[in-house]
Amino acid sequence: MAEETAPKWEGKATAELKDSTAEQIWPFLEEFCNLDKLFPTVDTCYRVEGTPGQPGLVRHCEGQLGWAKEKLLTINPTNRTLSYQIVENNIGFNNYVATLKISPLMEGEGKPGGCKIEWWFVVDPVEGMGLEDLVSHIDYTLQFMAKKMEDAVKAQI
């Protein structure tokens, strides 16, 4: 008898930044190994192997919830998107792949009006957690990161 597989979990979180442009925010995400400066539960993040800014780059992240090695799959500065997967971890994520995209927001008459960050993910069901819990955690994390990035942009001005 064939083994049944549980359906993958899929989710999305979105954050809108009213006072920062996509061009101002992209460098924070493009720097793949700076997650410890943005993510609320990551204390350490560093490059393990690969070339910065290139697919194949692997980072090690460690913090309050455990550790993960994450591999950059794609990065497109023109479209301001990147995808990564968790390749090893002790937090219960299997087959986790995420894509982040930064898009400009428009005000009236097509004028730039900030930007939005979208974070999509697909993962095998996580033991001891519901999909709603994971989506809520990712949404909280993205809102936290968005505020940190926007505060950093304001500090540079």
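Here the structure is a predicted model, which means the values were calculated and not measured. (Residues numbered from 1 in each chain as written. Predicted model: local features only at pLDDT ≥ 70, side-chain atom pairs only at ≥ 80, totals over all residues. Heavy atoms only, no water.)

As a further point, take the pattern of salt bridges. By the definition in use, this model includes eight salt bridges. A salt bridge links Asp19 to Lys154; the nearest nitrogen and oxygen atoms lie 3.5 Å apart. A residue pair is termed long-range when its members are at least 10 positions apart, and Asp19 in the loop between β1 (9-17) and α1 (22-30) and Lys154 in helix α2 (residues 131-156) qualify at 135 residues. For Lys154, a relative accessible area of 43% gives the class partly exposed. Arg59 is the salt-bridge partner of Glu70, the closest N and O atoms lying 2.6 Å from each other. Linking Glu70 in strand β4 (residues 66-76) with Arg59 in strand β3 (residues 58-63), this pair joins segments that are eleven residues apart in sequence. We note that Glu70, like Arg59, is buried. Linked through salt bridges whose partners overlap, the residues forming this network are Lys12, Lys116 and Glu118. (Salt bridge = Lys/Arg side-chain N within 4 Å of Asp/Glu carboxyl O. Helix = DSSP H or I, 4+ residues; strand = E, 2+ residues; numbered from the N terminus. Buried < 20%, exposed > 50% of the residue type's maximum accessible area, 1.4 Å probe, protein only.)

Moving on to α1. Along α1, the positions that sit buried rather than exposed are Ala22, Ile25, Trp26, Phe28 and Leu29. Projection of α1 onto a plane perpendicular to its axis shows the buried side chains occupying an angular sector of 160°, all on one side. (Arc of directions from axis to C-beta.)

With that settled, consider the packing of α1 against α2. Two elements in contact, α1 and α2, have axes whose closest approach is 10 Å; the angle formed by their N-to-C orientations is 120°. Classified by the interaxial angle, the pair formed by α1 and α2 is oblique. Between α1 and α2 lies a crossing of right-handed hand. Residues Gln24, Ile25, Phe28 and Leu29 of α1 touch α2, and the partners they reach there are Met145, Met149, Glu150, Ala152, Val153 and Gln156. Counted by class, the contact of α1 with α2 contains seven nonpolar, two polar and one charged residues. (Axes fitted to C-alpha atoms, helices over the stretch in contact; angles between N-to-C directions. Parallel < 35°, antiparallel > 145°, perpendicular 65-115°, else oblique. Left-handed = near helix turned anticlockwise from the far one by under 90°. Contact = heavy atoms within 4.5 Å. Nonpolar A, V, L, I, M, F, W, Y, C, P; charged D, E, K, R; others polar.)

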